[in-house]
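The chain contents come next:
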Amino acid sequence: MNRRSLALLLTLGGSALLTTLVACTSDDDATVGLDVADAGANSENSPDSATRADDAAVSTFSVSGKVIGLAGKGLVLTNNAGDAITVAPGADGSFSFASKLAKGAAYAVAVKTQPSSPSQTCVVTSGAGTIGGASVTNVVVTCTTNTYKVSGKVMGLAGAGLVVKNNGGDAITLSPAATDGAAVDFTFSKAIASGEDFEVTVETQPSSPTQSCVVTGGEGTVVAGDVATVAINCTTNTYTVGGTVTGLKGSGLVLQNEDGDDLPINATGTFAFVKQVASGKRYSVKVKTQPGAPEQTCEVTSNTGTVTNANVTDVAVDCTTNTYTVGVTVSGLKGTGLVLQNNGGDDLTIDANGDVTFGTPVASGTKYEVSVKTNPYGNTCTVTAGGAGTVTNAKITNVAVTCVSIPAWYQPNYDGVPGPWSFVSNRFFDGEISCTTTCAFYGRVPSGIRFICNAQGQTTEGCTPANDGQYGLSNCGAVVDNDVLTAPVGNIEQCAGSLTTCYKLGNTCNERVSFHSIQCQCK
């Protein structure tokens with residue numbers, strides 16, 4: 001036993017060994033003595049204390065290594081599930097456990113807590129073994145940042161061609177679900193690293209039908225899990241249906257779209273239904289109620305189709321005022337050449353009794369007035385009923401024209417002046433007349449008929465009037481006795497007792513005159 005071994009033995013043996021005298025023989029048979037004083041050499045101030053400390057240090061070894069790729073905070077490593085160390089992101093990522101291990105002792109480095117912000121997964125390599133004759137320095141902890149998927153749902157998708165993107169790329173084209181109204185799931189193919197931002201946007205809106213899709217929950221920063229809260233809500237766009245109304249004069253026009261949306265129209269110009277129509281839906285505009293006062297017929301063109309991606313503005317409503325014929329019932333006609341007029345024109349020649357119609361219809365709301373332009377030969381005709389009024393919404397059929405015969409002694413003309421004429425000279429008193437004598441005649445002179453009064457015979461003044469007379473025109477106005485007829489027409493020879501003025505008496509309006517008295521008075 002050498003001196004060092006003995007000293008160790010004394011240290012371990014305590015005071016019991018202090019009373020024992022030991023003699024040791026070295027390998028070279030040298031005997032070494034140890035006294036009581038030598039036994040106390042374990043104190044710090046003993047000459048061999050530094051050596052013993054060195055020997056104790058050499059008998060334990062450290063475990064250390066390096067962390068690669070650490071970006072998050074909170075990484076905790078352990079050795080043998082006990083000695084814990086927190087490693088922060090640093091320049092070189094080196095770490096060393098505080099506890100030393102003796103030769104032959106086992107070591108096992110593990111990750112107790114993974115780093116966060118960003119979330120990472122750290123893996124240990126060369127982290128387990130047995131302590132040999134030196135410290136362990138080759139433990140490697142490799143950290144990689146976790147990546148996560150971004151996904152969501154689309155609600156209400158009905159159109160085709162919806163394109164959504166994440167972070168301006170990674171585009172997905174989505175189609176409607178097979179079941180109407182079902183949500184459409186989507187997941188972007190490119191995962192996003194923890195700590196990185198994501199932003200989901202609509203690149204292309206769907207069409208057929210046209211829709212507007214809005215993203216909610218589409219922006220944020222990925223933390224430590226997949227993002228599945230992106231929601232895209234799609235609503236089908238709606239558009240107005242309208243057009244232009246022309247020619248409207250009446251009131252009460254009502255248009256209707258698809259048998260439900262009524263729209264009263266009170267003016268010409270553009271119009272649009274209040275209720276909008278969804279893209280992809282059909283529209284069909286028609287006239288529900290035609291206008292009146294005046295009565296009109298409105299026709300609609302370019303009125304059906306399918307709404308796409310814009311307002312419908314080309315529906316055309318063209319209104320025209322209705323026209324109605326004016327008809328007349330003629331009775332009592334025996335001659336030819338009757339000509340009627342409506343509103344001072346539109347001549348209508350009639351040669352027989354019955355119903356006849358003017359050739360030009362009259363617009364609703366417009367007045368009509370039927371009159372006799374030319375009486376037929378041998379007849380005088382008068383409008384006796386419904387001759388004037390305003391056309392509304394039906395044909396005029398209540399106009400009546402009644403004709404009566406003219407006596408045979410009426411002549412068609414006299415001295416080139418159109419007739420009919422009534423020559424009444426043969427009705428005069430035949431005899432001498434004085435300036436106070438009244439010559440009377442009896443006859444039938446209808447209203448509107450011309451007549452001529454001739455004087456014949458010898459007057460008391462010895463003057464014989466020429467066989468000329470005064471012309472008159474019977475009048476169907478308000479006539480009283482001694483109303484003056486038209487001024488004399490013709491060449492009257494001037495002499496005492498010549499015929500100067502003719503009067504008519506007792507005329508009855510609108511029917512055949514049964515009595516006429518012509519008073520011839522001398523000057």
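Here, every reference points to the structure presented above.
Residues numbered from 1 in each chain as written. Predicted model: local features only at pLDDT ≥ 70, side-chain atom pairs only at ≥ 80, totals over all residues. Heavy atoms only, no water.

### Concerning the sheet that holds strand 30 (residues 296-301)
1) Next: One open sheet accounts for four strands, arranged 27-24-32-30; its pairing is mixed. Each of the sheet's edge strands pairs with one partner strand only, and the pair in question is strand 27 (269-272) and strand 30. Across the sheet, the axes of successive neighbouring strands diverge by a mean angle of 25 degrees, strand direction being ignored.
2) Next: Bridge count for strand 24 (residues 241-246) against strand 32 (residues 312-321) is five bridges, and the pairing is parallel. Residue pairing across strands places valine 245 opposite valine 317, the latter belonging to strand 32. (Pairing = 2+ DSSP bridges. Helix = DSSP H or I, 4+ residues; strand = E, 2+ residues; numbered from the N terminus. Axes fitted to C-alpha atoms, helices over the stretch in contact; angles between N-to-C directions.)

### Re the state of the cysteines
1) Next: Under the definition given, this model contains four disulfides.
2) Next: The disulfide bridge from cysteine 122 ends at cysteine 143, spanning 1.9 Å between sulfur atoms. When the S-S torsion is 110 degrees, as for the bridge of cysteine 122 with cysteine 143, the disulfide is right-handed. Placement of the pair is cysteine 122 in strand 10 (residues 120-125) and cysteine 143 in strand 12 (residues 136-145), with a sequence separation of 21 residues. Summarising the burial analysis for this pair, cysteine 122 and cysteine 143 share the class buried. (Disulfide = S-S within 2.5 Å. Buried < 20%, exposed > 50% of the residue type's maximum accessible area, 1.4 Å probe, protein only.)

### What to know about the packing of aromatic side chains
1) Next: Scanning all chains against the criterion turns up three aromatic pairs.
2) Next: On the numbers, 6.1 Å between centres and 80 degrees between planes, the contact of phenylalanine 271 with phenylalanine 273 is edge-to-face. Phenylalanine 273 matches phenylalanine 271 in its accessibility class, with the two residues each being buried. (Phe/Tyr/Trp six-rings, centres within 6.5 Å; stacked < 30°, edge-to-face > 60°.)

### Things to note about the environment of leucine 340
1) Next: Of note, leucine 340 is situated in strand 35 (residues 338-342).
2) Next: Looking at leucine 340, the relative accessible area reads 0%, which means it is buried.
3) Next: Each C-alpha atom, one on leucine 340 and one on cysteine 381, is 9.7 Å from the other, the two residues being 41 residues apart in sequence.
4) Next: Beyond its immediate chain neighbours, meaning those up to four positions away, leucine 340 contacts Val328, Asp346, Asp347, Leu348, Ile350, Phe358, Ser371, Val372, Lys373 and Val401. (Contact = heavy atoms within 4.5 Å.)

### A look at the pattern of salt bridges
1) Next: Scanning the model with the defined rule gives six salt bridges in all.
2) Next: A salt bridge links aspartate 185 to lysine 153, with the nearest nitrogen and oxygen atoms 2.5 Å apart. Remark: lysine 153 occurs in strand 14 (residues 150-155) and aspartate 185 occurs in strand 17 (residues 184-187); sequence separation between them is 32 residues.
3) Next: You can call lysine 153 partly exposed: its relative accessible area is 41%.
4) Next: Among the salt bridges present, the one from lysine 286 reaches aspartate 259, with a minimum N-O distance of 2.9 Å. Of the two residues, lysine 286 is situated in strand 29 (residues 282-289) and aspartate 259 in the loop between strand 25 (253-257) and strand 26 (261-265); the sequence distance between them amounts to 27 residues.
5) Next: According to the relative accessible area criterion, aspartate 259 is exposed, its value standing at 59%. (Salt bridge = Lys/Arg side-chain N within 4 Å of Asp/Glu carboxyl O.)

### Here we look at the pairing of strand 32
1) Next: Where strand 30 lies against strand 32, six bridges are found, and the strand directions are antiparallel. Counted as the bridge partner of threonine 301 is alanine 316 from strand 32.

### Re the pairing of strand 17
1) Next: A one-sided burial pattern is seen for strand 17, the buried positions being Val184 and Phe186 and the unburied ones Asp185 and Thr187.
2) Next: The pairing of strand 14 with strand 17 spans four bridges and is antiparallel. Directly across from lysine 153, in strand 17, lies its bridge partner aspartate 185.

### Thoughts on the environment of serine 175
1) Next: Inspection of the secondary structure puts serine 175 in the loop between strand 16 (169-174) and strand 17.
2) Next: Under the relative-accessibility criterion, serine 175 is labelled partly exposed at 47%.
3) Next: When the C-alpha positions of serine 175 and leucine 157 are compared, they lie 7.5 Å apart, and in sequence the two are 18 residues distant.
4) Next: Those residues in contact with serine 175 that sit more than four places away from it in its chain are Leu157 and Val184.

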